Amino acid sequence: MPVPGNGNRPGPVQAPSSTAPRTHPAPVTLGDHPRAGLYGAGLLAHGTGLAVTPVPPSGDTPPEPGEGEGPGKPDPRHGAAPDITPSATPATGAGHLTLLLVENDPSGALSIPEMLDASGKPIRVRTARNLTEAARLLTDDVHCVLLDLNLPAADDDDRLAVLRRLLDLAPHHAVLALTASEDVEGGAEAVRVGAQDFLVRDELDGRVLSRAVRYAVERKRADTAQRQLAEGRLRAQENARLERGLLPTPLLEGAPLRFAAHYRPGRSRALLGGDFYDTVRTPDGTVHAMIGDVSGHGPDEAALGVELRIAWRALTLAGLSGDRLLATLQEVLEHEREDEETFATLCTVDIAPDGRSAAMCLAGHPAPVVRRGGGRAELLPQEPCGPALGLLPRGRWPRTQVGLGPEWSLMLYTDGLIEGRIGAGSLRLGQEGMLALVREHQGAGLRGAELLESTVHAARDLNGGELTDDVAAILLAR
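For clarity, every value in this text was computed on a predicted model and none was experimentally measured.

1. Side note on the packing of helix H6 (residues 299-317) against helix H7 (residues 322-336)
- The geometry of H6 relative to H7 is characterised by a closest axis approach of 10 Å and an angle of 150° between their N-to-C directions. The handedness of the crossing between H6 and H7 comes out as right-handed. Contacts between H6 and H7 pair Leu304, Glu307, Leu308, Ala311, Trp312, Leu315 and Thr316 from the former with Leu325, Thr328, Leu329, Val332, Leu333 and Glu336 from the latter.
- A per-class count over the contact of H6 with H7 returns nine nonpolar, two polar and two charged.

So this is what it looks like as structure tokens:
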């Protein structure tokens, strides 16, 4: 945590001298001023020319109790140290603003007039004679830094070296550059480098400086919010591309089968959930289809589902099937899961090269739906069924032979489709309810992706809203 410096405390402030009266215009915000923008308050200050009575420079006496200069102890009168990141409440409307003045003025000619924030509260001022002191005073309750561009710098070739170093020290603070009247172009260059605005040293005025500080703080907040929004969008786009790349591309070249899939993760704004599926055709002509569900709904479960899917594809292409394949997948799950209680259900179907029969393995997963010829859709037998992967150390997964015939469709799905409720009660849709929906939509002539989509949408409507679990379904037809 930054610690306070050598006791620099805000110096006394004094209103403009009554010997130089001047009628002040009605207060305006810098955003409304016609000359606000790139030069902002700098040009506005340059155009006022108001006389300001000098006040003594800040001393080096220790801060008095209650002034909030202690390490990690913000002034109790000002509330908790404000967050520099964008928030719903602007800094100018909550608590006092604090300005850190960084300047080395042995003559004491520079004075900071009294400043008020938008609510009429005084803007507190701290002083530092160099960047070393400034680094110690840059606590979270500092909202804005006023930097004298004439501070000596180690790099004589770079006139803005001090500003660049301050921007590195205070990336989350608003910065105002203070320049001489004959160096307005230097102030504009400071804005291009990263300062929120610039002011002319010889023409400081309390009202102009107050507005400049408030403007700089709000502009910094807006810039930070815009940057975070852009970064968030980029991350979302990258995540979307990554997740789309992790979804499978069926390998069915040469197979006389039609394939359709529907996938919807339960997590908000996610493209990938714990459900997974895949379909490949091996050189002997067998079409292997799989669908699975990792327990849980977070990103860890989604990652584990991707690992299991890729492992299943590799093992299938290597020639494994049935009990040997599922036993190996269980080893993968046991090595890759974060929690020993994590498990996965799975359904595999191996369709013979002639397309008339299949071998099915169930690992704690609901049985598929089959429709043969022009008949009614029906559930395949749930038994025999082995345990879900990861539950028993030496599980067995028997294979069931299924006759398909010359024309058929086979639907594999995860339990997110059948666990939705029917109305406001506790009754679940279940396999029989889902089967009724499939029959209804098949009777209406729906096939392939349309059948899957309409079934999922009907289950969602019966649930009275979005299904809370991941939903995956695939359809193979001949």
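Picking up where we left off.
2. Overview of the nonpolar core
- Ranked by size, the top nonpolar core spans 28 residues in total, and within it Val349, Ile351 and Leu412 carry the most contacts.
- Of all the elements in the fold, those that place two or more residues in this core are strand S8 (287-294), H6, strand S9 (344-351), strand S10 (357-363), strand S14 (408-413) and strand S15 (471-477).
- If we ignore the near neighbours within four places in the chain, the residues touching Val349 are Val287, His288, Ala289, Ala358, Ala359, Met360, Leu410 and Leu412.
- Formed by 24 residues, the second largest nonpolar core is a distinct cluster that contains Leu138, Leu147, Leu167 and Phe198.

3. A word on a negative patch on the surface
- A surface patch of negative charge is lined by Asp300, Glu336, Glu338, Asp339, Glu340 and Glu341.
- If you trace the backbone, Glu340 turns up in the loop between H7 and S9.

4. Remarks on the sheet that holds strand S11 (residues 369-372)
- A sheet is described by the order of its strands in space; here five strands give the open sequence S6-S15-S14-S11-S12, paired in antiparallel fashion. Two strands in the sheet have a free side with no partner beyond their single neighbour: strand S6 (258-264) and strand S12 (378-379).
- The pairing of S11 with S14 spans four bridges and is antiparallel. Bridge pairing in S14 links Val369 to Met411.
- Running at roughly 25° to S6, helix H9 (residues 448-463) makes contact with S6, S14 and S15 of the sheet.

5. So, the packing of helix H8 (residues 430-443) against H9
- Remark: H8 packs on H9, axes separated minimally by 10 Å, with the N-to-C direction vectors making an angle of 130°. In terms of orientation, H8 and H9 fall into the oblique class. The crossing of H8 and H9 is right-handed. On the side of H8, the interface is formed by Met434, Leu437, Val438, His441 and Gln442, while H9 contributes Leu451, Ser454, Thr455, Ala458, Ala459 and Leu462.
- For the contact of H8 with H9, a count of residues per class yields seven nonpolar, four polar and no charged.

Conventions adopted
- Numbering of residues starts from 1 in every chain and runs along the sequence as written.
- Restriction of local features to residues with pLDDT of at least 70 applies here, the model being predicted, together with a cutoff of 80 or more for giving and counting side-chain atom pairs; totals for whole chains, interfaces and linings are based on all residues.
- Note that water and hydrogens are dropped before the side-chain values are worked out from all heavy atoms of the structure.
- In this description, a line fitted to the C-alpha atoms serves as the axis of each element, helices being fitted only across the stretch in contact, and the angle between N-to-C directions of two axes falls anywhere from 0 to 180 degrees.
- Segments assigned H or I by DSSP are reported as helices when at least four residues long, segments assigned E as strands when at least two residues long, and all are numbered from the N terminus.
- Throughout, a crossing is termed right-handed when the near helix is turned clockwise from the far one, and left-handed when it is turned anticlockwise from it by less than a right angle.
- Here a residue-residue contact requires only that any non-hydrogen atoms of the pair lie within 4.5 Å.
- Residue type decides the class: Asp, Glu, Lys and Arg count as charged, Ala, Val, Leu, Ile, Met, Phe, Trp, Tyr, Cys and Pro as nonpolar, and the leftover types, Gly among them, as polar.
- What makes a nonpolar core is a set of buried Ala, Val, Leu, Ile, Met, Phe, Trp, Tyr and Cys residues whose side-chain atoms join them at distances within 4.5 Å.
- Accessibility here uses a 1.4 Å probe with only protein chains present; expressed as a share of the type maximum, an area under 20% marks a residue as buried, one over 50% as exposed, and anything in between as partly exposed.
- Exposure above 30% relative accessible area and the lack of any salt bridge qualify a residue for a patch; like charges then connect within 9 Å, and the nonpolar side chains Val, Leu, Ile, Met, Phe, Trp and Tyr within 5 Å.
- Computed by Shrake-Rupley with a 1.4 Å probe, the accessible areas treat only the displayed protein chains as cover when residues are assessed.
- One speaks of a salt bridge when a side-chain nitrogen belonging to Lys or Arg is within 4 Å of a carboxyl oxygen belonging to Asp or Glu.
- Counting rule applied: Lys, Arg positive; Asp, Glu negative; His and chain ends not counted.
- To locate a charge, the coordinates of NZ of Lys, CZ of Arg, CG of Asp or CD of Glu are taken.
- Being paired, for any two strands, means DSSP has found at least two bridges between them.
- With respect to orientation, any angle under 35 degrees is reported as roughly parallel, any angle over 145 as roughly antiparallel, any angle of 65 to 115 as roughly perpendicular, and every other angle as oblique.

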